[in-house]
Amino acid sequence: MKPFPIIFAIIVATACGIWYYGIHVPAQNEVQLIQKQIAEEQTSQGTTMDVAALLAQIERYRARLPEEADPSWLSQQLVTLAQRSGVQVASITQEAPQQSDRFTRLAVNLQLTASYHQLGAFLDAVERSPHLIRVERLTVDRTEGEERGRAQVTFSTIVLPSLVPDART
């Protein structure tokens, strides 16, 4: 028997072993590491996009709120909507801003004179306003035989502090 085929088989087996354990296994480990990094980056980018979408939504909601805790802002908004609806504002009473840990509440009491349809149009205009204004209380008094009645309505909104501290201060 010739020793050449046995030596050749040993050399081929050794070369295959070196290739498998020296090149193939490390390359497979590298591929798995890269796939893991890609998955982590995709998750990170997905999270970043989710956060960006949520921040955009927060900004859309924030745009519906007043920038400062000034009750006259709320009064001006309501008087403008009342005039457009044909409602007469008899009196305006601004409540003092109520501060809490997370927001400031602004409230205004209005005494109105309006017909049923004008009052409905006014309340609809408040609901459709680009600003977030809440009707807290509504009482309506109507004298028999009169077309217009009196209503007392309490409206409120909130002012949120900035989520990000102002870099200029």
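Fair warning: this is a prediction, and the values are worked out from it, not measured in the lab. (Residues numbered from 1 in each chain as written. Predicted model: local features only at pLDDT ≥ 70, side-chain atom pairs only at ≥ 80, totals over all residues. Heavy atoms only, no water.)

S.K.: So what exactly am I meant to see when it comes to the layout of surface pockets here?
M.R.: Over the atoms rolls a probe the size of a water molecule, and in doing so it shows where empty space is left. By volume, the largest pocket amounts to about 180 Å³. As for the largest pocket, its lining consists of 13 residues, and the residues nearest its centre are A114, S115, Y116, L119 and V140. Looking at the lining of the largest pocket, the elements that each hand over two or more residues are strand 3 (104-115), helix 3 (116-128) and strand 5 (148-159). Of the residues in the lining of the largest pocket, the class split is 5 nonpolar, 4 polar and 4 charged. (1 Å grid on protein atoms, 1.4 Å probe; cavity = no way out; pocket = protein on both sides within 12 Å on 5 of 7 lines; lining within 4 Å. Points joined across faces, edges and corners; volume = space filled by probe spheres on them. Helix = DSSP H or I, 4+ residues; strand = E, 2+ residues; numbered from the N terminus. Nonpolar A, V, L, I, M, F, W, Y, C, P; charged D, E, K, R; others polar.)

S.K.: Would you explain the pattern of salt bridges in this entry?
M.R.: Working definition: two side chains of opposite charge can pair if their charged atoms are close together. In the structure shown here, the tally under the stated rule is 4 salt bridges. Note that R105 and E136 form a salt bridge whose closest N and O atoms lie 2.8 Å from each other. A residue pair is termed long-range when its members are at least 10 positions apart, and R105 in strand 3 and E136 in strand 4 (residues 134-141) qualify at 31 residues. One salt bridge connects D124 with R128, and the closest N-O pair in it is separated by 3.0 Å. With D124 and R128 both in helix 3 and 4 residues apart, the pair spans about one turn of that helix. Note on R128: relative accessible area 66%, which makes it exposed. (Salt bridge = Lys/Arg side-chain N within 4 Å of Asp/Glu carboxyl O. Buried < 20%, exposed > 50% of the residue type's maximum accessible area, 1.4 Å probe, protein only.)

S.K.: What is the right way to read the nonpolar core from this model?
M.R.: It is characteristic of soluble globular proteins that their nonpolar side chains tend to be buried jointly. Core analysis: the biggest nonpolar cluster contains 20 residues, and L78, L112, F122 and F155 have the highest contact counts within it. Elements represented by at least two residues in this core include exactly helix 2 (71-85), strand 3, helix 3 and strand 5. The contact partners of L78, leaving out residues within four places of it in the chain, are V108, L110, F122, V126, I133 and F155. (Core = buried A, V, L, I, M, F, W, Y, C linked by side-chain atoms within 4.5 Å. Contact = heavy atoms within 4.5 Å.)

S.K.: Looking at this model, I keep getting lost on the side chain of S156. Mind explaining?
M.R.: Considering the arrangement of structural elements, one finds S156 in strand 5. What makes S156 buried here is its relative accessible area of 6%. Looking at S156, its side chain comes within polar contact range of the side chain of E136, at 2.5 Å. (Polar contact = N/O pair within 3.5 Å; in protein donor to acceptor, adjacent residues only side chain to side chain.)

S.K.: Quick question: what am I supposed to make of the pairing of strand 3 here?
M.R.: Residues in a regular strand point their side chains to alternate faces of the sheet. Along strand 3, 11 of the 12 residues are buried, which leaves the element largely enclosed by surrounding structure. The pairing of strand 2 (residues 98-99) with strand 3 spans 2 bridges and is antiparallel. Along strand 3, the bridge assignment pairs Q98 with R105. Alignment of strand 3 against strand 5, held across 12 bridges, turns out to be antiparallel. Across the sheet, Q111 pairs through a bridge with Q152, a residue of strand 5. (Pairing = 2+ DSSP bridges.)

S.K.: Help me understand the packing of aromatic side chains in this model?
M.R.: Where two aromatic rings form a pair, the distance of their centres and the angle of their planes describe that pair. Here the structure, examined in full by the defined rule, presents 2 aromatic pairs. Judged by centre distance (4.9 Å) and plane angle (90 degrees), the ring pair of Y20 and Y21 falls under edge-to-face. According to the relative accessible area criterion, Y20 is partly exposed, its value standing at 37%. Take Y21: its relative accessible area is 64%, and that puts it in the exposed class. When the ring of F122 is compared with that of F155, the centres are 5.7 Å apart and the planes differ by 80 degrees; the resulting orientation is edge-to-face. With F122 in helix 3 and F155 in strand 5, this residue pair connects regions lying 33 residues apart in the sequence. (Phe/Tyr/Trp six-rings, centres within 6.5 Å; stacked < 30°, edge-to-face > 60°.)

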